[in-house]
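Structure at a glance
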Amino acid sequence: RAKAAGKARTEIYQRDSHQRVRSQFHLETELRRAVERDDLELYYQPIVDLKTSQIHGFEALTRWHHKERGFVSPAEFIPLAEETGVIVALGRWATRTACAQIRTWMDAYGTEKVMPINVNVSGIQFARDDVAAMVEASLEEYQVPGEWLRIELTESAIMANPVRISESLSRLRRLGVKVALDDFGTGYSSLNYIHQFPIDVIKIDRSFINQLQFDNEPYKILSMIGLLAKSLGLEVVAEGLEDIDHIQMLADLDFNFAQGFYFSKPMPASDVGNLISGRLPWLK
Ligand code: C2E
Ligand code: MG
Ligand code: MG
Ligand code: MG
């Protein structure tokens, strides 16, 4: 009997895991289709200049509203896209969509009102795709100057593929596209390594910001990162700012830019349009 029960358990386990595999497979197929059919949407989160309280730019974040499953989190579909290679098509879609959006805002509100958009590009994409050529083609297609687009990539992406990425980043720089190092502080790279890559911005990971207290360990680390960034001429963005008390600390640390729910959650393009044009999004 014990043996039979064991067998039944194994079968249940196998059925569950098969179901899981099947459901992952469905999700993969659907994600692929969503990219092809433009069923994804970019949301935009403001990056704020702490000195002037003005918006400095936006980070584009992909949103997937699945017909049956509802909202699927990027924490779920981005790793899936990376495992299955769909990330290449997704990254191309995100870059083109951001360029199309910049073009729309330029035409509607004038160049002086346009702010740069940051697009996240996966390390997998850098390995499998010609990112610089892909970016150049998107800028071309929508006649957007390179300085309106920025690319975010993580430290781990760089460390996995330093030579190839270094070359891609140099080409991006020649297009006028700035590069931001995302989730800074969560990887294992040495600070000393950073200056060898053409990077313009570092984005301090949210885990530092939400632990921040005056003179605690994260504060001391950020203070050192701040000095280093200054001496290397890098722009610093604090990610995940939720708490008003952290603003003064960021100012003390000489961090000029921040992004987080305290200012705004990521929002649809129509809300950004209202913001740029001076109409209030909540009066829509
Ligand atoms: P990320 O690039 O570090 O983006 C910042 C994430 O932090 C976003 O999550 C944003 O909504 C969230 N966030 C911003 N401010 C706050 C805050 O104050 N508190 C909290 N708790 N969260 C905040 P999201 O949109 O869920 O994206 C998660 C990750 O998925 C991104 O992290 C990025 O790595 C990836 N991702 C999203 N869209 C894309 C994309 O189009 N391409 C690629 N390759 N990756 C993407
Ligand atoms: Mg990012
Ligand atoms: Mg980040
Ligand atoms: Mg992240």
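Residues numbered from 1 in each chain as written. Chains lettered and ligands numbered in written order. Predicted model: local features only at pLDDT ≥ 70, side-chain atom pairs only at ≥ 80, totals over all residues. Heavy atoms only, no water.

The name an unreviewed UniProt entry assigns to the protein chain is Bifunctional diguanylate cyclase/phosphodiesterase, from the organism Gimibacter soli.

Observations regarding helix H7 (residues 162–174)
Selection criterion: In this description a helix means any DSSP run of H or I spanning at least four residues, a strand means any run of E spanning at least two, and both kinds are numbered starting from the N terminus. A helix is expected to span 1.5 Å multiplied by its residue count minus one. Contacts are assigned to residue pairs with any non-hydrogen atoms lying within 4.5 Å of each other.
Taking 1.5 Å as the rise per residue, H7 with 13 residues should run 18 Å; its terminal C-alpha atoms sit 18 Å apart, in good agreement. Where H7 is buried, its residues meet helix H4 (123–128), helix H5 (131–142), strand E5 (149–154), helix H6 (155–160) and strand E6 (178–184). Backbone geometry just after H7 places Gly176 at a positive phi near 85°.

So, unusual backbone geometry
Just so we agree on the cut-off: Buried residues are those whose accessible area, probed at 1.4 Å on protein chains only, stays under 20% of the maximum for their type, while exposed residues exceed 50% and partly exposed ones sit between those limits.
Look at Ser53: it is not a glycine, yet its phi comes out positive at around 60°. Locating Ser53 in the fold gives a position in the loop between strand E1 (40–49) and strand E2 (54–66). When its relative accessible area of 61% is taken as the criterion, Ser53 is described as exposed. Even without being a glycine, Asp183 presents a positive backbone phi close to 55°. With respect to the element layout, Asp183 can be found in strand E6. Residue classification places Asp183 among the partly exposed residues on the basis of a relative accessible area of 26%.

Remarks on the site of ligand 1
Which entries qualify depends on this criterion: A molecule or strand has a residue near it when one of that residue's heavy atoms lies within 4 Å. Polar contact is the term for a pair of N or O atoms within 3.5 Å; when the atoms are in protein, one must be able to donate a hydrogen and the other to accept it, and sequence-neighboring residues count only if both atoms are side-chain atoms. For accessible areas, the Shrake-Rupley method is used with a probe of radius 1.4 Å. Any residue's cover is judged against the shown protein chains and nothing else. Space inside and on the surface of the protein is sampled on a 1 Å grid over the protein atoms alone, with a cavity defined as a set of points where a 1.4 Å probe fits but cannot get out and a pocket as an open set with protein on both sides within 12 Å along at least 5 of 7 lines; lining residues have an atom within 4 Å of a point. Cavity and pocket membership follows a simple rule, namely that a molecule belongs there if more than half of its atoms are within 2 Å of the grid points. Amino acids outside the nonpolar list (Ala, Val, Leu, Ile, Met, Phe, Trp, Tyr, Cys, Pro) and the charged list (Asp, Glu, Lys, Arg) are all regarded as polar, and Gly is one of them.
The local shell around ligand 1 holds 22 residues, among which Thr62, Arg63, Asp182, Glu242 and Phe261 are the closest. A distance of 2.8 Å separates an oxygen atom of ligand 1 from a polar atom in the side chain of Asp182. At 3.3 Å, a side-chain N or O of Glu239 approaches an oxygen atom of ligand 1. Isolated, ligand 1 exposes 810 Å² of accessible area, and the fraction of that covered by the protein chains is 82%. With respect to the detected pockets, ligand 1 is housed in the largest pocket. Within the residue set of the shell around ligand 1, elements represented by two or more residues are E2, helix H2 (74–84), helix H3 (86–109) and E6. A per-element tally of the shell around ligand 1 places E2 first, with four residues. Tallied by class, residues from the shell around ligand 1 come to eight nonpolar, six polar and eight charged.

Description of the coordination of the magnesium ion (ligand 3)
So the rule is basically this: Counted as donors are N, O and S atoms no farther than 2.8 Å from the metal, or 3.2 Å for Na, K and Ca; water is not among the atoms, and sites may therefore look incomplete.
Looking at the metal site, the magnesium ion (ligand 3) is ligated by Asp182 (OD), Asp183 (OD), Glu239 (OE) and Glu239 (OE), spaced 2.2 to 2.4 Å from it. Mapped onto the sequence, the donors of the magnesium ion (ligand 3) take the spacing D-D-x55-E. Note on Glu239: relative accessible area 11%, which makes it buried.

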